Number of protein chains: 2
Amino acid sequence: MKLYSYFRSSAAYRVRIVLNIKGLSYEYSAVSLVKGEQREEAYRTRNPQGLVPLLETDDGDCLAQSLAICEYLEEKYPEPALLPRDPSGRARVRGLACVTAMEIHPLNNLRVLKYLTNELGITEHAKLAWYHHWIAEGFAALEAILAQSPATGRFCHGDTPTLADVFLVPQVFNAERFGCDMTPYPTIRRIVDACNRLPAFADAHPSCQPDAA
Amino acid sequence: MKLYSYFRSSAAYRVRIVLNIKGLSYEYSAVSLVKGEQREEAYRTRNPQGLVPLLETDDGDCLAQSLAICEYLEEKYPEPALLPRDPSGRARVRGLACVTAMEIHPLNNLRVLKYLTNELGITEHAKLAWYHHWIAEGFAALEAILAQSPATGRFCHGDTPTLADVFLVPQVFNAERFGCDMTPYPTIRRIVDACNRLPAFADAHPSCQPDAA
């Protein structure tokens, strides 16, 4: 398998974690979002969306969208499982992953921040406030769900990592990179620390990637 | 089952389509996003995220996040199937659904538009340009993928509806409501028209809901 990735893309970071947890080896192909390589013709023929990550499977399929890739890897390589067995638990895990994937990340990714600056002409200060606002909204919801539920364990759902953790860890990395205050979210903090002690998560960290600046 | 919904919420619209396709009857509980009922304590105890949709299952579980709810319904009520059987087809369908769910919708929902107006003070004109921009980015990618691929049929993937169509139809409804030009997307247009001829899609339309204005 070949993963088209950018070291700091949190969507690619999710897929790297899943590949590591499943013990799958893969070729790393760096796509520099800063240089705009994702918009170049060579890449667009593989992924018309011009986004990372993209997973080229051993069958030659090119799979886009991190959540779809994670579900694919879960179905194709079921062990260790990243979704619980019971439908309601699976819905809880997917729901937690979706809070990050849909309520926070899309609002704070690079192309949106660029639009805010270039098209709307907002100040750096207002841009940072935007960033912090969506993190705070999403993390407050996640903290409430995680802190209240008996289903929460050492990780977001029970005592082994699930897709909920896979999505949470890169988002916390981003939050800290942009100076968000994490003290209101002690449960998130505790879970992310537990994740980062596992080699599968640690090895997927942006700083460990071949294209790390 | 009970669905907490708002007639114009495109995330709730997705779940209504799936419930209809699966032939599941449900109680409709309206939550007015315009009146802010989603932020009231009574609702927040069920869904700390303060978002619709929310599905209360017959087992008493409260499931949030439309994609997680759709996957739950697919697992619990597998027929008619909304995901193909082969892993690569499933990844394609989920990837298409994710383009809408992650690249377009989160940027254009009500709370984001409100932030643009109230916090950033942008003009109505600039807000509409923002709306159209993210639709155009996402639909251009979807159109390219759909038009190029032999996997596209009468619907996004083959000749029966899948989750890709379930996510696409509400987004096109939104796009038209905000006056987006759909002529650059003939494949999307053709597929959405085919969907809307099916009662499961037509009955889920915002105008057919009990709380339609």
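This write-up is about the structure you can find in this document. (Residues numbered from 1 in each chain as written. Chains lettered and ligands numbered in written order. Predicted model: local features only at pLDDT ≥ 70, side-chain atom pairs only at ≥ 80, totals over all residues.)

1. Thoughts on the overall build of chain A
Here is step 1: Check the secondary structure of chain A and you find nine helices and four strands.
Here is step 2: From first element to last, N terminus to C terminus, chain A shows the α and β order β-α-β-α-β-β-α-α-α-α-α-α-α.
Here is step 3: Against the globule reference of 17 Å for 213 residues, chain A gives a C-alpha radius of gyration of 17 Å, in line with a compact fold.
Here is step 4: The principal-axis extents of the C-alpha atoms in chain A amount to approximately 50 × 45 × 30 Å.
Here is step 5: In chain A, of all internal contacts separated by at least 6 residues, the share reaching a separation of at least 24 is 69%. (Helix = DSSP H or I, 4+ residues; strand = E, 2+ residues; numbered from the N terminus. Rg over C-alpha atoms; globule rule 2.2 N^0.38 Å. Contact = placed C-beta atoms within 7 Å.)

2. Notes on the interface of chain B and chain A
Here is step 1: Tallying the contact residues gives 34 residues for chain B and 34 residues for chain A.
Here is step 2: Taken together, the elements giving at least two residues each to the side of chain B that touches chain A come down to strand 4 (62–64), helix 3 (66–76), helix 4 (87–108) and helix 6 (124–148) of chain B.
Here is step 3: Looking at the side of chain B that touches chain A element by element, the count peaks at 13 residues for helix 4 of chain B.
Here is step 4: Along the lines of polarity and charge, the residues of the side of chain B that touches chain A split into 22 nonpolar, four polar and eight charged. (Nonpolar A, V, L, I, M, F, W, Y, C, P; charged D, E, K, R; others polar.)

3. Details of the sheet that holds strand 3 (residues 54–56) of chain B
Adjacent strands of a sheet form backbone hydrogen bonds with each other and so pair up, either parallel or antiparallel.
Residues and elements named next belong to chain B.
Here is step 1: Taking strand neighbours across the sheet as the criterion, the four strands line up as 2-1-3-4 in an open arrangement whose pairing is mixed. Of all strands in the sheet, those with a lone pairing partner are strand 2 (27–30) and strand 4, marking the two edges. Averaged over all adjacent pairs, the angle separating strand axes in this sheet is 20 degrees, with direction ignored.
Here is step 2: Bridge count between strand 1 (residues 2–5) and strand 3: three bridges; the pairing is antiparallel. In the strand pairing of strand 3, Lys2 is matched with Glu56. (Pairing = 2+ DSSP bridges. Axes fitted to C-alpha atoms, helices over the stretch in contact; angles between N-to-C directions.)

4. Topic: the environment of Ala129(A)
Residues and elements named next belong to chain A.
Here is step 1: Looking at the element boundaries, Ala129 is found in helix 6 (residues 124–148).
Here is step 2: Exposure remark for Ala129: the 14 C-beta atoms within 10 Å place this residue in the partly exposed category.
Here is step 3: Here the alpha-carbon distance between Ala129 and Val93, two residues 36 residues apart in the chain, equals 29 Å. (Buried ≥ 20, exposed ≤ 12 C-beta atoms within 10 Å, placed from the backbone.)

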